[in-house]
Amino acid sequence: MEDDEDCGTKDIQFGFRRFRAPAKRIYANRNVFLLDVPPNPIASWLLFWMPQLVCWLQRLLPEWFLPTTVILKERNPTKADDYENEIDTYLHLRSLQGTHIPRLFGEVTVSDPHAQRYRISKRPTPAILLENVEGVSLYNLPTEELGNPDLLRGLKDIYNLLTEKGVVHGDPKLHNFLRVDQRIVAIDFELSNPLPSDITNELELRDLVSEIAQREKQAQGAGSKRLVSGVYFIEGGLQVRTDLRSSSTTTYNEQRGDEGLSTLGAQLPKVYSRHGRVGLRPGTIYGGRGGEVER
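Note that this is a predicted model, so its numbers are computed, not measured.

Asks: Explanation requested: the overall build of the protein chain in the structure shown.
Replies: Helix and strand counts for the protein chain come out as eight helices and 15 strands. Sorting the 295 residues of the protein chain into buried and exposed places 47% on the buried side. Within the protein chain, contacts between residues at least 6 apart in sequence are counted, and of these 68% link residues at least 24 apart. Accessible surface, the protein chain as shown: approximately 15,900 Å² in total, 51% of it carbon and sulfur.

Put into structure tokens, the structure is as follows:
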């Protein structure tokens, strides 16, 4: 995540509610913003006087019960399919929202008075509002913490859940996974696909472990000890040993490179192929584990 860039205010139309919120860009060169949502007196009144109705109303009118901060992701006009793809994936993974993936509050339209002065089109921009998950990107963790067996098990658990739902994440990078307390949360589903019968999520999991191994190699170059030497694969999937060593307190967060893998990575088959781009369209069949099929 980049340093926050103040982008002024944005006018948001969400269902029956319209509000203006300060926005900060949180990823360079991406239309992803952190919004400070103004307090809503209607929600405050209901929470005080009619708390028994709030759970029902939150599902019916989510616009009135937004948290104080949310993530706004605007549609990129050059990647409209990715935008629709992400919405479809969040809806399909509804049961994982709020625990293993961010909660999707809904679709909105965004008007930016300042930006519209310089655009030919004055039409509002479609966007989605997502839960602001307060966690740490795995990419920003110190290398010795990436080698923690509990974290590696958490990655395996999230991929098991995606497999059960018949979904491939599509963008297996440490940036796209957050550590939140004792669990792992996956984010950014623009490139997600239905899980084909001939591809398993183990391939993506191998990519993530290889990225950790690359970080290990870089840390070794800085004088750190091997941190993930207890991770290995067998036919049944990812196996994690608990005898990992982490005596160094050095934190190391170099940029990722392609110059090779560590000893761990060299023991794993390299995966050069990438899953083809398959948009999630109405009627798409998701094949889950054990022949389970969901629509």
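Asks: Help me understand the nonpolar core in this model?
Replies: Within the largest apolar cluster, 38 residues are counted, with the highest numbers of intra-cluster contacts made by Leu138, Leu155 and Phe177. Mapped onto this core, the elements with two or more residues apiece are strand E3 (32-36), helix H3 (80-92), strand E6 (125-131), helix H6 (149-164), strand E9 (177-180), strand E10 (183-186) and helix H7 (202-221). With sequence-adjacent residues up to four places away left out, Leu138 is seen in contact with Leu146, Leu151, Leu155, Leu174, Phe177, Leu178, Arg179, Ile184 and Arg215. Counting 17 residues, the second largest nonpolar core, distinct from the first, contains Phe14, Phe19, Leu66 and Val110.

Asks: Any chance you could explain the packing of H6 against H7 here in plain terms?
Replies: Each pair of packed helices gets described by two things: the angle between the helix axes and the distance between those axes. It is the contact of H6 with H7, at a shortest axis distance of 10 Å, that shows an interaxial angle of 160 degrees. By the angle between their axes, H6 is roughly antiparallel relative to H7. Relative to H7, the crossing made by H6 is right-handed. Residues Leu152, Leu155, Lys156 and Tyr159 of H6 touch H7, and the partners they reach there are Glu204, Leu205, Leu208 and Ile212. Each residue belonging to the contact of H6 with H7 can be placed in one class, and the counts come to six nonpolar, no polar and two charged.

Parameters at a glance
Residues numbered from 1 in each chain as written. Predicted model: local features only at pLDDT ≥ 70, side-chain atom pairs only at ≥ 80, totals over all residues. Heavy atoms only, no water. Helix = DSSP H or I, 4+ residues; strand = E, 2+ residues; numbered from the N terminus. Buried < 20%, exposed > 50% of the residue type's maximum accessible area, 1.4 Å probe, protein only. Contact = heavy atoms within 4.5 Å. Areas by Shrake-Rupley, 256 points an atom, 1.4 Å probe, with all protein chains shown as cover. Core = buried A, V, L, I, M, F, W, Y, C linked by side-chain atoms within 4.5 Å. Axes fitted to C-alpha atoms, helices over the stretch in contact; angles between N-to-C directions. Parallel < 35°, antiparallel > 145°, perpendicular 65-115°, else oblique. Left-handed = near helix turned anticlockwise from the far one by under 90°. Nonpolar A, V, L, I, M, F, W, Y, C, P; charged D, E, K, R; others polar.

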